[in-house]
Amino acid sequence: MRYFKNELLVLLALFIIALISFFGLIFEINKKFSYEVPAFGGTLKEGIIGNPRFINPLFAQTDADRNTVSLVFTGLMRYDENGKLTPALLEKYEISKEGLEYIVTLKENLNWSDGKSLTADDVLFTIQLAKNPVLQSPKRANWEGVEASKIDEKTIHFKLQREYVPFLDNLTLGIIPKHLWEKVPASQIPFSKLNTEAVGAGPYKIKTVEKDSLGSIVFITLSANQNFVLGKPNIKTIILTFLKNEEEAVRDLKSNSIDSFGGLSPKYVKEFVDKKNIRAFDLQRIIGIFLNQGKNKTLSSQDVRRALNLSIDKQRLVEEILENYGAPINGPLPNNIASSEGSKNFDPELAKSLIEKKGEGLVMDITTADSPQLIEVANFVKKSWQEIGVVSEIKTFALADLEQLVIGPRRYDAFLYGEEIVGENPDPFAFWHSSQRSHPGYNISLYANSKVDKLLEEARIEQNIEKRQEIYKNINKEISKDLPAIFLFSPSYIYIAPKNLLGVDLKTISTGSEKFSTVYKWYLKKQYVWKIFSQ
């Protein structure tokens, strides 16, 4: 009897080994003759600093607003993995020979996330609101001088007063539903609950919104929008968690309360090397020190500005503070638009001699946002200037107060600040044209150069990509020569994500929220499809 039992055990063991071998063989065959594809499912918990107030493309300004808008809404066009414009709601567009008229045709069977049809009326309604002075939308400037009219339910005609090549980037503006918003008087739109209970046509739709005792949004649960024009997203659910600061984000990443977080400071990266996927995207943003020659007359000296620039070791700054997540620059445009070699522009001895020639001590304030990284940069600059005999004091302001207390009144000697060079066809006009020296223009160095003005105007109308690239190089060269600002670096955008999050193949983004431009291609789940069935 015992012998019989032993035989059964041996047979059972052999059967199990054979079964394992069989399934192992099947697995290897499956791997050899199949390939991996995204599968629908999974939940991504994304952390974002701040609390959204306007989940509305016409008002979104904070990171919390813009990130949520990017998920819930879409425009006629979106950006792809390489930062290039790609059709979304539109099927095609035609541009007149003079570059003043654009005919846009929408795709068939477009729907809002609530199932209602999306038509040319929605597009016109959105643009009319953007232009409405009552709303004071930050998007208003993009649409001034643009006439929009409906040809039919699927076709819109845009007429520009003057040629403007970056106009196509305007078409990334998220479209809002007329059937919901037309019931709200223009004066009441900023106060409508539709700003938080938003309905869009983006890759995700709002499922639930949770608020704290003060009425601030702390969680938003999003579900995949099956009506999304570019295809149903792969990730089933995205939970947005709104956080107070970066320290809270780091803590929640470590405890797995959140899975992902964008815009992480380089100093925290090493804490996640083995636990998360660390992705760094080129960010079309420049960080510089903008000099106000009107407030501090000493800065009107070319030698002084040159000395301030020569005293800063930009390469060391990028290595020590950014931990090489960025690149030094010497001009007003990121390196991918008009390259510059910032590391070769450091000579503290020459800088010191230029300051000594002035025969007087230079005292100036460095004003910046109350951001840990910018304060680190400000201290690096302060020390660099101190070594050549320049005395400086750092003044910080809350990010929300910068516009009213600093930028608007131009109240600073040296302003450490970042400028976003947005879009496939960047337009630095607002930052450097002499007409933009007064608020609400963003020429915060109060720079005036007739040659640069002409180049900036030419860049807006030049249709030929190669010729436009040459214009950008000349703009970079001329402004770099005049030194109205000390250009420091162009940072990388660091995105911390779970190791099983795939399909995030971005190369370049203009803003942090732009990382979600291709979110519908991301996936957490996967399956294998036999190659024979894909033919």
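Residues numbered from 1 in each chain as written. Predicted model: local features only at pLDDT ≥ 70, side-chain atom pairs only at ≥ 80, totals over all residues. Heavy atoms only, no water.

**Student:** Provide a residue-level description of helix H7 (residues 246–255), including the pertinent values.
**Tutor:** Three or more residues of H7 are buried, namely Glu246, Glu248, Ala249, Val250, Asp252 and Leu253. Structurally, H7 contributes buried residues whose contacts are with strand S2 (43–49), strand S11 (237–243), strand S12 (260–262) and strand S19 (485–497). Residue Asn245 occupies the N-cap position of H7, its side-chain oxygen lying 3.3 Å from the main-chain nitrogen of Glu247. (Buried < 20%, exposed > 50% of the residue type's maximum accessible area, 1.4 Å probe, protein only. Helix = DSSP H or I, 4+ residues; strand = E, 2+ residues; numbered from the N terminus. Contact = heavy atoms within 4.5 Å. Polar contact = N/O pair within 3.5 Å; in protein donor to acceptor, adjacent residues only side chain to side chain.)

**Student:** Which residues make up the pairing of S19, and what are the values?
**Tutor:** When you tally the buried positions in S19, you get twelve out of 13 residues, the bulk of the element. Looking at chain direction, S12 and S19 are connected through two bridges and run antiparallel. Its bridge partner being in S19, Gly262 is matched across the sheet by Tyr495. Here three bridges tie strand S15 (residues 326–328) to S19, and the two strands are oriented antiparallel to one another. Among the inter-strand pairings, Pro328 is bridged to a residue of S19, identified as Phe489. (Pairing = 2+ DSSP bridges.)

**Student:** Could you give me a rundown of the packing of helix H14 (residues 450–459) against helix H15 (residues 465–482), with the residues and numbers involved?
**Tutor:** Taken N-terminus to C-terminus, the directions of H14 and H15 make an angle of 155°; their axes are 9 Å apart at the nearest point. Here H14 is positioned roughly antiparallel relative to H15, judged by the angle of their axes. The interaxial crossing formed by H14 with H15 has left-handed handedness. Listed contacts from H15 to Lys451, Val452, Leu455, Leu456, Glu458 and Ala459 of H14 are Arg468, Ile471, Tyr472, Asn474, Ile475, Glu478 and Ile479. In the contact of H14 with H15, the residues fall into eight nonpolar, one polar and four charged. (Axes fitted to C-alpha atoms, helices over the stretch in contact; angles between N-to-C directions. Parallel < 35°, antiparallel > 145°, perpendicular 65-115°, else oblique. Left-handed = near helix turned anticlockwise from the far one by under 90°. Nonpolar A, V, L, I, M, F, W, Y, C, P; charged D, E, K, R; others polar.)

**Student:** How would you summarise the sheet that holds strand S7 (residues 146–152) if you had to cite specific residues and measurements?
**Tutor:** Taken in spatial order, the four strands make up an open sheet running S5-S6-S8-S7, and their pairing is antiparallel. Here the strands that pair on one side only, and so sit at the sheet edges, are strand S5 (90–95) and S7. For this sheet, the mean inter-axis angle between neighbouring strands, taken without regard to orientation, is 20°. Pairing of strand S6 (residues 101–106) with strand S8 (residues 155–160), which is carried by five bridges, proceeds in the antiparallel orientation. Note on S8: the bridge partner recorded for Thr105 is Thr155.

**Student:** Kindly report on unusual backbone geometry, identifying the contributing residues and their values.
**Tutor:** Backbone geometry follows two general trends: most residues other than glycine have a negative phi, and most peptide bonds adopt the trans configuration. Located in the positive-phi region is Gln136, a residue other than glycine, with phi close to 55°. Following the sequence through the fold, Gln136 ends up in the loop between helix H3 (120–131) and helix H4 (140–143).

**Student:** Can you tell me about the side chain of Ser445, naming the residues and giving the values?
**Tutor:** Tracing the backbone shows Ser445 in the loop between helix H13 (429–432) and H14. A distance of 3.0 Å separates a polar atom in the side chain of Ser445 from the backbone oxygen of Pro484. What Ser445 contacts, discounting residues up to four positions off in sequence, is Phe290, Leu291, Trp432, Pro484 and Ala485.

**Student:** Quick one: what's the story with the packing of aromatic side chains, residue by residue and with numbers?
**Tutor:** Where two aromatic rings form a pair, the distance of their centres and the angle of their planes describe that pair. Evaluation of the coordinates by the stated rule reveals 15 aromatic pairs. Centroid distance Trp143 to Phe167: 5.7 Å. Interplanar angle 80°. Geometry classified as edge-to-face. Remark: Phe167 occurs in helix H5 (residues 167–170) and Trp143 occurs in helix H4; sequence separation between them is 24 residues. Cluster of aromatic residues (ring-pair linked, three or more members): Phe281, Tyr493, Tyr495, Phe516 and Trp522. A cation sits over an aromatic face here: Lys232 above Phe40, 3.8 Å from the ring centre. One residue, Arg460, lies across the ring of Phe429, its end atom 3.9 Å from the ring centre. (Phe/Tyr/Trp six-rings, centres within 6.5 Å; stacked < 30°, edge-to-face > 60°. Lys NZ or Arg CZ within 6 Å of the ring centre and 35° of its normal.)

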